[in-house]
Amino acid sequence: MKRSVRDIECWLTDMDGVLVHEDRPIPGAVELLNRWVDTSRRFLVLTNNSIYTPRDLSARLARSGLNVPEENLWTSALATADFLASQPGEKTAFVIGEAGLTTALHEAGFVMTETSPAYVVMGETRNYSFDAITKAVRLIIAGARFIVTNPDTTGPSADGPLPATGAVAAMVTAATNRQPYVVGKPNPMMFRSAMNRIEAHSETTAMIGDRMDTDIVAGMEAGLLTVLVMSGVTQPEEIETFPYRPSEVLNSVADLVPLL
């Protein structure tokens, strides 16, 4: 039986292009968050960005006029820490990343070390160090398992695109001949860990996103109802180029509010 928005009890949503655009709230975002709170809906805001802690992200969203408590934020750093905590063996890691990633791993019980770590974990950072990348290559060749928070090859900046985690990880792969395990979107594992966080079930959970190749495909593979909004990067004509379709297509989250 086809599910509809009215069947949904829990919501996952992307952040950039869905709720905010360049630090400005997208029309309907404030109303959607308020509706979820007023109707006691469980929800998480997801991001592949591993730089910031949930507290940092909550403060950044508040400056944009969006009230999202830190417990309602789920980053690729948190998903990575959650995944690694479930793995057997030693909890040691050499980490390339910012506070969002190092804090998440620390809280998951990991020790950061450059001496024979069990893992090399790579996330987003403002300054990729050649020395750190060289160290990562040597540790992986020596046997450390290679983990990457997200596959994004570029990130935005005021001056244009910047190389991001996926691009740097590709360089490490070329040097080591080792493919990383990538936790963030479009890996549906990120969605499953998010659902575990809010005790959600796939049959009654939906994912809102603005990208067919990450948000929608991962939501579909996780068994969720998927809602594509046209307020981000995807253009209407691009939908036809994919072999799968979202459950719903809306102009923005403003069109979703009346349906709840």
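Conventions we followed
- Residues numbered from 1 in each chain as written.
- Predicted model: local features only at pLDDT ≥ 70, side-chain atom pairs only at ≥ 80, totals over all residues.
- Heavy atoms only, no water.
- Helix = DSSP H or I, 4+ residues; strand = E, 2+ residues; numbered from the N terminus.
- Rg over C-alpha atoms; globule rule 2.2 N^0.38 Å.
- Buried < 20%, exposed > 50% of the residue type's maximum accessible area, 1.4 Å probe, protein only.
- Contact = heavy atoms within 4.5 Å.
- Areas by Shrake-Rupley, 256 points an atom, 1.4 Å probe, with all protein chains shown as cover.
- Axes fitted to C-alpha atoms, helices over the stretch in contact; angles between N-to-C directions.
- Parallel < 35°, antiparallel > 145°, perpendicular 65-115°, else oblique.
- Nonpolar A, V, L, I, M, F, W, Y, C, P; charged D, E, K, R; others polar.
- Pairing = 2+ DSSP bridges.
- Right-handed = clockwise from strand over helix to strand, strands pointing away.
- Arc of directions from axis to C-beta.
- Core = buried A, V, L, I, M, F, W, Y, C linked by side-chain atoms within 4.5 Å.
- Left-handed = near helix turned anticlockwise from the far one by under 90°.

Outline the overall build of the protein, listing residues and values.
Regarding its fold elements, the protein presents eight helices and 15 strands. Taken against the 2.2 N^0.38 rule, which gives 18 Å for 260 residues, the C-alpha radius of gyration of the protein at 18 Å falls within 12% of a compact globule. With the principal axes as the frame, the protein shows a C-alpha extent of 55 × 40 × 35 Å. Among the 260 residues that make up the protein, the fraction classed as buried is 50%. Sequence-distant contacts in the protein: of pairs separated by 6 or more residues, those separated by 24 or more amount to 67%. Accessible area for the protein stands at about 12300 Å²; split by element, carbon and sulfur atoms hold 51% of it.

Go over the packing of helix α3 (residues 76-85) against helix α7 (residues 188-197), please, and point to the residues and values.
Look at α3 against α7: their axes get within 10 Å of each other, and the N-to-C directions meet at 85 degrees. Compared by their axis directions, α3 and α7 come out roughly perpendicular. Two secondary-structure elements touch here, α3 through Ser76, Leu78, Ala79, Asp82 and Phe83 and α7 through Met189, Met190, Ser193 and Arg197. The class makeup of the residues in the contact of α3 with α7 is five nonpolar, two polar and two charged.

Report on the pairing of strand β4 (residues 42-47), specifying residues and quantitative values.
The element β4 is largely enclosed, with a buried count of five among its six residues. The sheet contact formed by strand β1 (residues 10-14) and β4 spans five bridges and is parallel. Bridge assignment links Thr13 to a residue of β4, and that residue is Val45. Of the pairings in the sheet, the one linking β4 to strand β5 (residues 73-75) comprises three bridges and is parallel in character. Paired with Leu46 across the strands is Trp74, a residue of β5. A crossover links β4 with its parallel partner β5, the connecting element being helix α2 (residues 54-63), and its sense is right-handed.

Now, about helix α1 (residues 29-38): what can you tell me, with residues and values included?
Those residues of α1 that sit buried are Ala29, Leu32, Leu33 and Trp36. For α1, the arc enclosing every buried residue in end-on projection is 95 degrees, short of the 170-degree limit, so these residues lie on one face. Immediately downstream of α1, the backbone of Ser40 shows phi near 55 degrees, a positive value.

Got a sec to walk through the sheet that holds β4? Specific residues and values, please.
The strand order β5-β4-β1-β13-β14-β15 describes an open sheet built from six strands, whose pairing is parallel. Single-partner strands in this sheet number two, and they are β5 and β15 (248-250). Strand-to-strand twist of the sheet, defined as the mean angle between neighbouring strand axes without regard to direction, takes the value 25 degrees. Pairing of β1 with strand β13 (residues 205-209), which is carried by four bridges, proceeds in the parallel orientation. In the sheet register, Cys10 faces β13, and the bridge partner there is Thr205. Packing of α3 onto the sheet brings it into contact with β4 and β5, and relative to β5 it is tilted by some 70 degrees.

Tell me what's going on with the nonpolar core, and back it up with residues and numbers.
Within the largest apolar cluster, 32 residues are counted, with the highest numbers of intra-cluster contacts made by Leu12, Val121 and Phe191. Listed by contribution, the elements that provide at least two residues to this core are β1, β4, α3, β6 (92-96), α4 (99-107), β8 (119-122) and α7. No other element matches α3, which puts six residues into this core. The contacts of Leu12, once residues within four sequence positions are left out, are Leu44, Leu46, Phe191, Ala194, Met195, Ile198, Thr205, Ala206, Met207, Ile208 and Leu224. Listed in part, the 29 residues of the second largest apolar core include Val20, Ala29, Ile208 and Val227.

Give me the packing of α3 against α4: which residues, what numbers.
The interhelical angle for the contact between α3 and α4, taken along N-to-C directions, is 30 degrees, at an axis separation of 8 Å. Between α3 and α4, the angle is such that the two are roughly parallel. Crossing of α3 against α4: the hand is right-handed. On α4, the residues touching Ala77, Leu78, Ala81 and Leu84 of α3 are Gly100, Leu101, Ala104 and Leu105.

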